[in-house]
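Read off the chains here:
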Amino acid sequence: MTNAYDKLPERPRADDLVVEVPAFEDDRPQPEPAPPAAAPELVAATEFARASHARPTIRRTQIRAGAWIAGVPIAVLAVVAVVQVLLPR
């Protein structure tokens, strides 16, 4: 590369900008095709059957967070109730 500032650089060739990507076959399991839209009962039954065999989406951390969010206020209310019963005014 020269330091000739009076000339523009050469235009890149189109072949230099093309990247060859090998094709591969997608072997992941494909969902069943949806039934025709004219039968809403069939659509609902198919979706229900498909969802009944799926893994549950709730995670262990969500259960733990739910237990903390619901459990702590319930525990505090239980302690307050016990203290009010045991220590009458």
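Residues numbered from 1 in each chain as written. Predicted model: local features only at pLDDT ≥ 70, side-chain atom pairs only at ≥ 80, totals over all residues. Heavy atoms only, no water.

A. The overall build of the protein, seen in detail. Regarding its fold elements, the protein presents two helices and zero strands. Within the protein, buried positions represent 2% of all 89 residues. Summing over all exposed atoms, the protein offers an accessible surface of approximately 9,500 Å²; the carbon and sulfur share of this is 64%. (Helix = DSSP H or I, 4+ residues; strand = E, 2+ residues; numbered from the N terminus. Buried < 20%, exposed > 50% of the residue type's maximum accessible area, 1.4 Å probe, protein only. Areas by Shrake-Rupley, 256 points an atom, 1.4 Å probe, with all protein chains shown as cover.)

B. Focus on a nonpolar patch on the surface. The grouping of Val79, Val82, Val83, Val85, Leu86 and Leu87 at the surface amounts to a nonpolar patch, some 600 Å² of accessible area in total. Relative accessible area serves as the criterion here: at 61%, Leu87 is assigned to the exposed category. (Patch = residues over 30% accessible without salt bridge, like charges linked within 9 Å, V, L, I, M, F, W, Y side chains within 5 Å. Salt bridge = Lys/Arg side-chain N within 4 Å of Asp/Glu carboxyl O.)

C. Expanded view of helix α2 (residues 60-86). Here α2 is 27 residues long and its end C-alpha atoms lie 37 Å apart, about the 39 Å a rise of 1.5 Å per residue gives. At Gly71, α2 is bent by approximately 30°, the largest bend along its length, and proline Pro73 sits one to four residues beyond. (Expected span 1.5 Å × (residues − 1). Bend = angle between axes of the 7 residues up to and from the residue.)

D. Representation of the pattern of salt bridges in the model. In the structure shown here, the tally under the stated rule is one salt bridge. The salt bridge partner of Arg13 is Asp16, with a shortest N-O separation of 3.0 Å. With respect to burial, Arg13 and Asp16 carry one shared label: exposed.

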